[in-house]
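# A look at the structure
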Amino acid sequence: GFMQNAVYMKRDRIISLKNMKSEVGTLLELASVSINAIDAFEKENLAKTLEFHKTLGTKYLGVGGAPHSTYEEAKNTADVLGNANIEAEKIGMNTYYHNHTEEFEDLKDGKTAMDIIGEQCKLEIDTYWSFCAGIKNSEYLPAHKDQIALIHIKDGKNRKPTALGEGENDLLDIVKGVKEIGLDW
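A few points on the structure. Treat the numbers as computed from the prediction; the structure is a model and nothing was measured.

## A few points about the pattern of salt bridges
- Within this structure, the stated rule accounts for five salt bridges.
- Of the charged contacts, one joins Lys-111 and Glu-119 as a salt bridge, the two residues approaching to 2.3 Å between their closest N and O atoms.
- A residue is classified by how much of its surface remains accessible, and Lys-111, at 28% relative accessible area, is partly exposed.

## What to know about the pairing of strand 6 (residues 122-126)
- Where burial is concerned, most of strand 6 is hidden: four out of the five residues are buried.
- In this structure, strand 3 (residues 94-98) lies alongside strand 6, joined through three bridges in parallel fashion. Pairing of Tyr-97 across the sheet is with Leu-123, part of strand 6.
- Note that strand 6 and strand 7 (residues 148-152) share four bridges and pair parallel. Residue pairing for strand 7: Asp-126 is matched across the bridge by His-152.

## A closer look at helix 2 (residues 43-56)
- The end-to-end C-alpha distance of helix 2 is 21 Å, a good match for the 20 Å that 14 residues give at a rise of 1.5 Å each.
- Where helix 2 is concerned, the buried positions are Asn-45, Leu-46, Thr-49, Leu-50, Phe-52, His-53, Thr-55 and Leu-56.
- Positive phi shows up at Gly-57, right after helix 2, with a value of about 85°.

## Focus: the nonpolar core
- Ranked by size, the top nonpolar core spans 34 residues in total, and within it Phe-41, Leu-81, Tyr-97, Ile-117, Ile-125 and Leu-141 carry the most contacts.
- With six residues, helix 3 (residues 71-89) is the single largest residue contributor to this core.
- Those residues in contact with Phe-41, other than ones at most four positions away along the chain, are Val-33, Leu-46, Leu-61, Gly-62, Val-63, Val-80, Leu-81, Ala-84 and Thr-95.

## Details of unusual backbone geometry
- With a phi angle near 55°, Asp-109 is a residue other than glycine that sits in the positive phi range.
- We note that Asn-158 has phi near 55°; this positive angle belongs to a residue other than glycine.
- According to the relative accessible area criterion, Asn-158 is exposed, its value standing at 63%.

## Brief notes about the side chain of Ser-138
- Relative to the helices and strands, Ser-138 is located in helix 6 (residues 137-143).
- By relative accessible area, Ser-138 is classed as buried at 8%.
- Side chain to side chain, Ser-138 and Asp-173 meet in a polar contact 2.4 Å long.
- Setting aside chain neighbours within four positions, we find Ser-138 in contact with Asp-173, Lys-176, Gly-177 and Glu-180.

## Points about the pairing of strand 2 (residues 60-63)
- When strand 2 meets strand 3, the two strands line up parallel, connected through four bridges. The partner of Gly-62 across the bridge, within strand 3, is Tyr-96.
- Where the polypeptide runs from strand 2 across helix 3 and back to strand 3, its parallel neighbour, the crossover connection is right-handed.

Rules used throughout
- Residues numbered from 1 in each chain as written.
- Predicted model: local features only at pLDDT ≥ 70, side-chain atom pairs only at ≥ 80, totals over all residues.
- Heavy atoms only, no water.
- Salt bridge = Lys/Arg side-chain N within 4 Å of Asp/Glu carboxyl O.
- Buried < 20%, exposed > 50% of the residue type's maximum accessible area, 1.4 Å probe, protein only.
- Helix = DSSP H or I, 4+ residues; strand = E, 2+ residues; numbered from the N terminus.
- Pairing = 2+ DSSP bridges.
- Expected span 1.5 Å × (residues − 1).
- Core = buried A, V, L, I, M, F, W, Y, C linked by side-chain atoms within 4.5 Å.
- Contact = heavy atoms within 4.5 Å.
- Polar contact = N/O pair within 3.5 Å; in protein donor to acceptor, adjacent residues only side chain to side chain.
- Right-handed = clockwise from strand over helix to strand, strands pointing away.

Shown next, in the form of structure tokens:
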């Protein structure tokens, strides 16, 4: 997929991509800003970020990782993405957070970073990292279906990504969970 930090995108490049979109249809359904680029969602950058992605027809705009090691960090990330989501919804978009393994660790009173962040924005579940965290995807996905917008079906072995079917992830378990929540394929 195409990834670009909107803050640094030049206007002529946006117009070029917009023209490409009109020629080929939907250019991208979702986009992630760089890992740990939560700053693209901060108030001072948000308008430019949303404008750029609206031009491309992006429906989901997210981040694959942001501060979440403590309850306070996860809450701050949730607040930033939640505030961004309020603005994004006004133009037909949603913000999302893409997990890794450690977001499923208990931070405080049985709450994980995924619980905290998912209260304020949509989630993209990376099924390999959730699997590595000991999550049974066929149970987790239905239990959190209202928070989940996207599924990243991934396989891996020894915490290194592999082609689907070549790793240790339970792909049938993922399919069962995805079917149960009714996401489009």
